[in-house]
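# Results of the structural survey
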Amino acid sequence: MDQEKRNRRSVDPATLVMLARAEKEGLETAWDRHDRQEPQCGFGLLGVCCRNCNMGPCRIDPFGGEPQKGVCGAGADTIVARNLLRAIAAGAAAHSDHGRDIVETLLHAATGQAPDYQIKDRDKLMALAAELSIEHEGRSDQEIAADIAAAALEEFGMRKGTLAFLNRLPAQRRELWSKLGITPRGIDREIVEVMHRTHIGVDNDHVNLILHGLRTALSDGWGGSMWATELSDVLFGTPRPVEGVSNLGVLKEDQVNIIVHGHEPTLSEMIVAAARDPELLELAQAKGARGISISGMCCTGNELLMRHGVPVAGNFLQQELAIITGAVEAMIVDVQCIMPALTGLAACYHTEIISTSPKARFPGAKHVPFEEKSALKIAKDIVRLAVENYANRNPERVFIPEEKMKFMAGFSVEAILSALGGTLDPLLDAIKDGSIKGIAAIVGCNNPKVTHDYGHITLTEELIKKDVLVVETGCTAIASAKKGLLLPEAAQQAGPGLRAVCEALKIPPVLHMGSCVDISRILVVAAAVANALGVDTSELPLAGAAPEWMSEKAVSIGTYVIGSGIYTVLGTVPPVLGSENVAALLTGRASEVIGAAFAVESDPLKAAALIMDHLENKRAKLGLP
Ligand code: SF4
Ligand code: MSK
C-alpha cells in the first residue's frame, strides 16, 4: 500500500508504524476488511432494510421507485425508526447489563460472597445512602451496601415509580419528560418494550417509536450507566487526578505484557492486584522477564487508568496492532468492543486471548470462567498463564513502536469539585464572565470509515483554542491522551480564558472523565450546573460530539444526551437517511420537543464551528457576554 493511502488511515504515529508492520507481515486489520466491504450496502447505510419477520427481508427504494413498502406494508419511516430503536435497545442493554453486574458484585461483596472485594469509597457509599433515603445510623457498611444494591436491582425491572437518579435533574427537565411520556420506568422494561414495539405489526408511528427510543436511552444514561459508575466508585474507589502513560509504546520488551481489554472493572481490578503477587513476580523472573506489565485497552483501560494510572496501550482500532507487536503474552477480554478477529491474529503469534465472561466466548480463545467468589485466585491463575507464556515469545518478531505520551486523568465529578475548591462556583463564574465559553463533551469510538483519531483530536484542539472546556470519555479520551492533550501543559494550546483557568487550577484543558458508562458523570455535571443556575439543561452552553462513533452503545448515548437537552454532533452518519421524516425529526424538530437535536458533520473543523454557534446562541439567550 502506498504511504499516502496508509496515512489516510490514522493520524496516530504508533498506529501508522504498526500498520506498516502488519503489511510487512502479511496480516490484515479492520482497515483492510473495511476496504473489502466497499461499496457497503446502500440499503443498510440508509436504514431501509428490514428483517423483522420472515416475510422479508424487505427493502425500500431510496430513489422513490418500487418497492416503497415492505410485504406487511411498512414504509421507510417505520422501518428506519424501528431499526434505530433496536440499535438503542442493544446499546442500552450493553451498558445496563454491565451496570447490573457491578450492582451484583457490590451485593455479593456486602453479603460475604465475594470476599476479595471491599468497599473502597465509604464517603460515596454514605452519600448514596442519603440520596436514596437508606437508613445508615448504627448500621455496618455492608448492611448499607446491601440495601443500596437491592434498591439498584429493583430499578432494572421496576414495578412502580421512576429511576432514583432522575432527582438529580432540574425540575423543568423532569416535567418535560413527564409531559412527553418519556420518563424512564424500569431499565430492563424499556428495552423489552423496544423489542415488543418493533415486532411486526406493533408500533408503526415513527414519532411514537422515537419517543420510546428516547425513554429507553434515558434509562441507560440515568439508570444502567449511572449505577455502573456510582457503584464502581464505591467498590474500586472514586477517581482522583492521576498520571499515566498511553499508546503502544507502553508495552515492555523485557517484561511479561498483559493487556486487559473490554469494559468491566471487576476482573481487571483483580488482575492488577494479582500482577503484584510476589510469587508471580518471582516466576516471571525465573522465566527471564524483568517483571509483569499490565496495560489497558478501550474502556477497561479507562477504568484502570482513572483509578490507578495503569498505562493504556490504545483505543478501539489499536487492539489488533497490540498483538502485532509480538510482545503480548496475554490479552484478557471480558465484554464489548472486542474484535472477533483477535483470536485468528493471535494464532500468528504466541499471544493467548483469554476470555472470561460467560456472555462472551471467542472461538480460538482460552476460556477461564471468572467468578467473583474466587476473584483473586482466578486472576492469579490468568496472570500465571501469561507469565508461563513468556517463554514462547519469539524475540525476533517483537516490534514495539516507540511512541508513548504522558497524561493526567481521573476527573470524576468529585475530583472536579475538589479541583475547584469544593464548589462549582469558580467554573460557573468562568462560564458567566466568558473566560470559558461553554463545555463540550467529546466521546465515542474509532471507526475505519474515517481517519483514526483525526476527528477526536482536531475537534478537541479546535474547541480548546476557542476557550471551550472539553470533557471526554472512552476512545476519544485515549486519543487525546496519546496526543498530549490531557496534560496541564496542553493549556498552552487553549484560548486565553481557558488557559488562565487551567493554569490557576493546574488542570488540563481536556478532562478525562472515564469509560463509556462514565458519560453518566458528564450528565451529573450538566444537571448540577443547570440546578446551580436555576435553568433547564437545554439552556446551558453545553454540547456533545461523537466524531468517530461506531457502536450501538454510542447510539444509545447520543440519544440520551439529546434527551437530556444537550445538542450533539455526530461525525459518522447514522443509518437514518432513508427516511426524510425520521432524519428531520432527529436533526430539527427534536429541538422544539426536547430542547436538543442531532447534527451530522464529518469534518471536525465544521463540527467545531457548529458547536461554537450553538454555545454562542445559548450564551446570548442566558444574557452572558
Ligand atoms: Fe418486511 Fe414488514 Fe417483515 Fe419487516 S416486518 S421484514 S418490512 S414484512
Ligand atoms: S470502548 S463503545 S469503541 S468508545 Fe468503550 Fe471505545 Fe466505543 Fe467501545
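Residues numbered from 1 in each chain as written. Chains lettered and ligands numbered in written order. Predicted model: local features only at pLDDT ≥ 70, side-chain atom pairs only at ≥ 80, totals over all residues. Heavy atoms only, no water.

## A word on the overall build of the protein chain
The secondary structure content of the protein chain amounts to 25 helices and 16 strands. Taking 2.2 N^0.38 as the reference for a compact globule, 625 residues should give roughly 25 Å; the C-alpha atoms of the protein chain span a radius of gyration of 24 Å, in line with that estimate. Each principal axis of the C-alpha atoms in the protein chain carries an extent, and together these give about 65 × 65 × 50 Å. For the protein chain, long-range pairs separated by at least 24 residues make up 76% of all intrachain contacts whose partners lie at least 6 apart in sequence. (Helix = DSSP H or I, 4+ residues; strand = E, 2+ residues; numbered from the N terminus. Rg over C-alpha atoms; globule rule 2.2 N^0.38 Å. Contact = heavy atoms within 4.5 Å.)

## Observations regarding the sheet that holds strand 14 (residues 542–546)
The strand order across the open sheet formed by six strands is 13-12-11-14-15-16, and the pairing between neighbours is parallel. The open sheet is flanked by strand 13 (510–512) and strand 16 (598–600), the only strands paired with a single partner. Neighbour to neighbour, the strand axes of the sheet diverge by 25° on average, direction disregarded. Pairing of strand 12 (residues 468–472) with strand 13 involves three bridges; the strand directions are parallel. Considered in strand 13, the bridge of Val471 is made with Leu511. (Pairing = 2+ DSSP bridges. Axes fitted to C-alpha atoms, helices over the stretch in contact; angles between N-to-C directions.)

## Notes on the packing of helix 11 (residues 265–274) against helix 13 (residues 298–308)
Interhelical geometry of helix 11 versus helix 13 gives an angle of 55° and a closest axis separation of 10 Å. Our classification of the angle between helix 11 and helix 13 gives oblique. Crossing handedness for the pair helix 11 and helix 13: right-handed. On the side of helix 11, the interface is formed by Pro265, Ser268, Glu269 and Val272, while helix 13 contributes Thr300, Glu303, Leu304, Arg307 and His308. Its residues placed into classes, the contact of helix 11 with helix 13 shows three nonpolar, three polar and three charged. (Parallel < 35°, antiparallel > 145°, perpendicular 65-115°, else oblique. Left-handed = near helix turned anticlockwise from the far one by under 90°. Nonpolar A, V, L, I, M, F, W, Y, C, P; charged D, E, K, R; others polar.)

## Some thoughts on the packing of aromatic side chains
All told, the structure shown has two aromatic pairs when counted by the stated rule. Here Tyr117 and Phe236 contribute two aromatic rings whose centre-to-centre distance is 6.2 Å and whose plane-to-plane angle is 70°, an arrangement assigned as edge-to-face. Note that Tyr117 is positioned in the loop between helix 5 (76–110) and helix 6 (122–131) and Phe236 in helix 10 (residues 206–236), a separation of 119 residues in sequence. Judged by centre distance (4.5 Å) and plane angle (45°), the ring pair of Phe165 and Trp227 falls under tilted. With Phe165 in the loop between helix 7 (141–156) and helix 8 (171–180) and Trp227 in helix 10, this residue pair connects regions lying 62 residues apart in the sequence. Its end group placed over the ring of Phe43, Arg59 keeps NZ or CZ at 5.6 Å from the ring centre. Across the ring face of Tyr349, the terminal group of Arg397 is positioned such that the distance to the ring centre comes to 4.0 Å. (Phe/Tyr/Trp six-rings, centres within 6.5 Å; stacked < 30°, edge-to-face > 60°. Lys NZ or Arg CZ within 6 Å of the ring centre and 35° of its normal.)

## A few points about the pairing of strand 14
Here is the key point about a regular strand: its side chains alternate between the two faces of the sheet. Burial analysis of strand 14 places five of its five residues in the buried class, which makes it a mostly covered element. The alternating pattern of strand 14 places Leu542, Gly544 and Ala546 and Ala543 and Ala545 on opposite faces, both of which are buried. With four bridges connecting them, strand 11 (residues 438–442) and strand 14 associate as parallel partners. By the bridge assignment for strand 14, Ile439 is matched with Leu542. (Buried < 20%, exposed > 50% of the residue type's maximum accessible area, 1.4 Å probe, protein only.)

## Topic: unusual backbone geometry
In this structure, the amide linkage connecting Glu38 to the following residue, Pro39, adopts the cis form with an omega of -5°. Following Gly56, the chain continues to Pro57 via a peptide bond in cis, the omega torsion being 5°. With respect to the helices, strands and loops of the structure, Pro57 is situated in the loop between strand 1 (49–50) and strand 2 (58–59). If you check the backbone angles, Cys337 has positive phi at about 70° while not being a glycine. One can find Cys337 in the loop between strand 7 (330–333) and helix 15 (342–346). Residue Asp453 is not a glycine yet carries a positive backbone phi of 75°. By the element assignment, Asp453 lies in the loop between strand 11 and helix 19 (454–465).

## With respect to the environment of Thr183
With respect to the secondary-structure elements, Thr183 resides in the loop between helix 8 and helix 9 (187–197). Take Thr183: its relative accessible area is 18%, and that puts it in the buried class. As for Thr183 and Leu214, which are separated by 31 residues in sequence, their C-alpha atoms are 9.0 Å apart. When neighbours within four sequence positions are excluded, Thr183 is seen to be in contact with Thr162, Leu166, Arg174, Trp177, Ser178, Glu190 and Arg215.

## Some remarks on the pattern of salt bridges
Two side chains bearing opposite charge may form a pair once their charged atoms approach each other closely. One pass over the full model with this rule turns up 47 salt bridges. A salt bridge links Glu193 to Arg215; the nearest nitrogen and oxygen atoms lie 3.7 Å apart. Of this pair, Glu193 sits in helix 9 while Arg215 sits in helix 10, and the two are 22 residues apart along the sequence. Of the two residues, Glu193 and Arg215, neither departs from the other in class, the shared state being buried. (Salt bridge = Lys/Arg side-chain N within 4 Å of Asp/Glu carboxyl O.)

## With respect to the domain arrangement of the protein chain
Each domain of the protein chain was delimited in the assignment, giving domain 1 (3–59), domain 2 (80–236), domain 3 (248–397) and domain 4 (412–622). Placing the centre of domain 1 and that of domain 3 at their C-alpha centroids yields a distance of 26 Å. Taken together, the contact pairs 14 residues of domain 1 with 14 residues of domain 3. In terms of surface lost to domain 3, no three residues of domain 1 exceed Met18, Leu27 and Trp31, which account for 43% of the buried area on that side. The residue Glu320 makes a salt bridge to Arg33 at a minimum N-O spacing of 2.9 Å. Summed over the shared surface of domain 1 and domain 3, the number is six residue pairs in polar contact (both at pLDDT 80 or more). Every element with two or more residues in the side of domain 1 that touches domain 3 is listed here: helix 2 (13–24) and helix 3 (30–37). Examining the composition of the side of domain 1 that touches domain 3, we find that six residues originate from one element, helix 2, more than from any other. (Domains from an automatic or database assignment. Buried area = accessible area lost by both parts, 1.4 Å probe. Polar contact = N/O pair within 3.5 Å; in protein donor to acceptor, adjacent residues only side chain to side chain.)

## As for the site of ligand 2
Taken together, the neighbourhood of ligand 2 is formed by His263, Cys298, Cys299, Phe316, Cys337, Gly444, Cys445, Cys475, Cys516, Met550, Ser551 and Lys553. Tallied by class, the residues present in the shell around ligand 2 amount to eight nonpolar, three polar and one charged. No fewer than three residues from each of domain 3 (248–397) and domain 4 (412–622) sit in the shell around ligand 2. (Near = heavy atom within 4 Å.)

## Points about helix 18 (residues 425–433)
Buried within helix 18 are the following residues: Leu427, Leu428, Ala430 and Ile431. Angular distribution of buried residues about the axis of helix 18 spans 160°; they occupy a single face of the element. At its buried positions, helix 18 is contacted by strand 11, strand 12, helix 21 (496–505), helix 22 (519–533) and helix 25 (604–622). One or two steps after helix 18, the chain reaches Gly434, where phi turns positive at roughly 90°. (Arc of directions from axis to C-beta.)

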